[in-house]
Amino acid sequence: MNNNKTTIRKGSQMNVSYCRVSTDMQDNSVIAQQEMIESYAKLNGIKIDKHFVDFGISGSSTMKRVEYLELMNLVEQGKVKSIITTSLSRWSRNTLDLLKSIEVLKKHDVDFRVIKEQVNLKSAMGEFFVSILGSIYTLERQLISERTKDVMKSKKSQGKTYSRTPFGFDSKDGILVENEYEQKLLRKMKRLRNSGESYNTISKFLNRNNHKTKSGKKFTKQNVFALLKTDRDSITLSSENG
């Protein structure tokens, strides 16, 4: 078995395999995967034109998998007819990445086959698999959203920061405490606004006096508007919880 470049006639499509191992020392695993794929391909009358192999790469993300990315690029160019891999874990361990890749394969009419799980996108069972995968991803995303909301609610009730620290406060050990300088600046901004000054005029005043936003940038009228519209009375301070 080898992974040498294969010359493909212009306009033709390739039948390819994809293998992945998590360390550089697993040559035997690659050989075993390729042999399994070749046997499967022979039984199904498919000739493998090229093997794509990623060495020493985790299956949890596709971003650093050079061979995988090259393969998907060829898919998007319409140069791939079919892809065979030994198992879903070799292709991807991340549900979102897996779902996204399958959507791309379907869009370009690629026959994606997974030997161990017996997945074939061209079959009714393959379509069923994709629908189940989508449902799992939706459920996973909803569960993450619910857990995030629970954590935010818990932190808010304890006066702890649960998002970016708001202007006028600092976060110390997850607890919000007032920033005297920023609180003084907020009071100045309110006085200017109450006296009839525009948000743009206030931002120019702040910049002229070298005041900065929380991120160290210059103020804009949008910044001033957002700051003055924030209901700071709803922000729980450590002193109120101590």
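Before any of the text, the structure's been laid out above.
Remember, it's a predicted structure, so these values are computed and weren't measured experimentally.

Analysis parameters
Residues numbered from 1 in each chain as written. Predicted model: local features only at pLDDT ≥ 70, side-chain atom pairs only at ≥ 80, totals over all residues. Heavy atoms only, no water. Pairing = 2+ DSSP bridges. Helix = DSSP H or I, 4+ residues; strand = E, 2+ residues; numbered from the N terminus. Contact = heavy atoms within 4.5 Å. Axes fitted to C-alpha atoms, helices over the stretch in contact; angles between N-to-C directions. Buried < 20%, exposed > 50% of the residue type's maximum accessible area, 1.4 Å probe, protein only. Parallel < 35°, antiparallel > 145°, perpendicular 65-115°, else oblique. Nonpolar A, V, L, I, M, F, W, Y, C, P; charged D, E, K, R; others polar. Lys, Arg positive; Asp, Glu negative; His and termini not counted. Salt bridge = Lys/Arg side-chain N within 4 Å of Asp/Glu carboxyl O. Polar contact = N/O pair within 3.5 Å; in protein donor to acceptor, adjacent residues only side chain to side chain.

Colleague: Would you mind going over the sheet that holds strand E3 (residues 80–85) with me for this structure?
Modeller: What holds strands together in a sheet is hydrogen bonding between their backbones, with the strands either parallel or antiparallel. Strand order in this open sheet of 5 strands is E2-E1-E3-E4-E5, and the pairing throughout is mixed. Strands with a single pairing partner mark the edges of an open sheet, and in this sheet they are strand E2 (50–54) and strand E5 (119–120). Here strand E1 (residues 14–20) pairs with E2 via 5 bridges, running parallel. Opposite Arg 20, over in E2, you have Asp 54 as the bridge partner. Of the strands in this sheet, E1, E2 and E3 touch helix H2 (residues 66–76), which is tilted by about 140 degrees from E2.

Colleague: Got a minute to help me understand the pairing of strand E4 (residues 111–114) in this structure?
Modeller: It is a general feature of regular strands that their side chains alternate between the two faces of the sheet. By the alternation rule, side chains of E4 split into Asp 111 and Arg 113 and Phe 112 and Val 114, which are all buried. As paired strands, E3 and E4 are joined by 4 bridges and run parallel to one another. Within E4, the position partnered with Ile 84 by the bridge is Arg 113. Pairing analysis gives 2 bridges linking E4 to E5, with the strands arranged antiparallel. If you follow Arg 113 over to E5, its bridge partner there is Asn 120.

Colleague: What exactly am I supposed to notice about the packing of helix H6 (residues 180–194) against helix H8 (residues 221–229) here?
Modeller: Two numbers describe a pair of packed helices, the interaxial angle and the distance between the axes. Their axes nearest at 11 Å, the elements H6 and H8 cross at an angle of 100 degrees. The orientation of H6 relative to H8 falls into the category roughly perpendicular. Every residue of H8 that contacts H6 at Leu 186, Met 189, Lys 190 and Arg 193 is listed here: Val 224, Leu 227 and Leu 228. Looking at the contact of H6 with H8 residue by residue, the classes come out as 5 nonpolar, no polar and 2 charged.

Colleague: What should I look at first to understand unusual backbone geometry in this one?
Modeller: Note on backbone geometry: most residues besides glycine have negative phi, and most peptide bonds are trans. One non-glycine residue, Gln 118, lies in the positive phi region at around 55 degrees. Mapped onto the elements, Gln 118 comes out in the loop between E4 and E5. You can call Gln 118 exposed: its relative accessible area is 66%. A positive phi angle, near 60 degrees, is found at Asn 210, a position not held by glycine. Relative to the helices and strands, Asn 210 resides in the loop between helix H7 (199–208) and H8.

Colleague: Explain the side chain of Asp 54 here, please?
Modeller: One can find Asp 54 in strand E2. Arg 65 provides the closest opposite charge to the buried, unpaired Asp 54, separated from it by 4.1 Å. Within the structure, Asp 54 has its side chain in polar contact with the side chain of Tyr 18 (distance 2.6 Å). A polar contact is formed between the side chain of Asp 54 and the backbone nitrogen of Tyr 68, at a distance of 3.1 Å. Those residues in contact with Asp 54 that lie beyond four places of it in its chain are Tyr 18, Cys 19, Arg 20, Val 21, Arg 65, Val 66, Glu 67 and Tyr 68.

Coordinates in, geometry out; function isn't part of it.
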